[in-house]
Amino acid sequence: MAKLSPGEFINQVRAEARKVIWPTRAETTSTAIFVGIMMLILAVFFLGIDSIFNLIVRSLLSLAGA
């Protein structure tokens, strides 16, 4: 692997940074809204799953204690 001078490294970093395509404000906003909606959906889903498992475990423990 060839060693680079610090100046050449900086030049390569700048060249790569110029290739980056940044999202527009509209793309960022729509992505953030989508992530928020998916978070809410998954939170409700896992709350439901957790509640079902809680009910099952409590019923099994009540059978074992009886």
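Model, not experiment: these values are computed from the prediction.

Draft legend 1. Structural detail: the pattern of salt bridges. On inspection of all chains with the given rule, the structure shows 1 salt bridge. For K19, the salt bridge is made with E16, and the minimal N-O distance between the two is 3.1 Å.

Draft legend 2. Broad picture of the environment of R58. Following the sequence through the fold, R58 ends up in helix α2 (residues 25–65). On a C-alpha basis, the gap between R58 and F45 in space is 20 Å, while along the polypeptide they are 13 residues apart.

Draft legend 3. Summary view of the packing of aromatic side chains. If you walk through the whole model with that rule in mind, you get 1 aromatic pair. Aromatic side chains F45 and F46 sit 5.1 Å apart centroid to centroid with 70 degrees between the ring planes, which places their arrangement in the edge-to-face category.

Thresholds applied
Residues numbered from 1 in each chain as written. Predicted model: local features only at pLDDT ≥ 70, side-chain atom pairs only at ≥ 80, totals over all residues. Heavy atoms only, no water. Salt bridge = Lys/Arg side-chain N within 4 Å of Asp/Glu carboxyl O. Helix = DSSP H or I, 4+ residues; strand = E, 2+ residues; numbered from the N terminus. Phe/Tyr/Trp six-rings, centres within 6.5 Å; stacked < 30°, edge-to-face > 60°.

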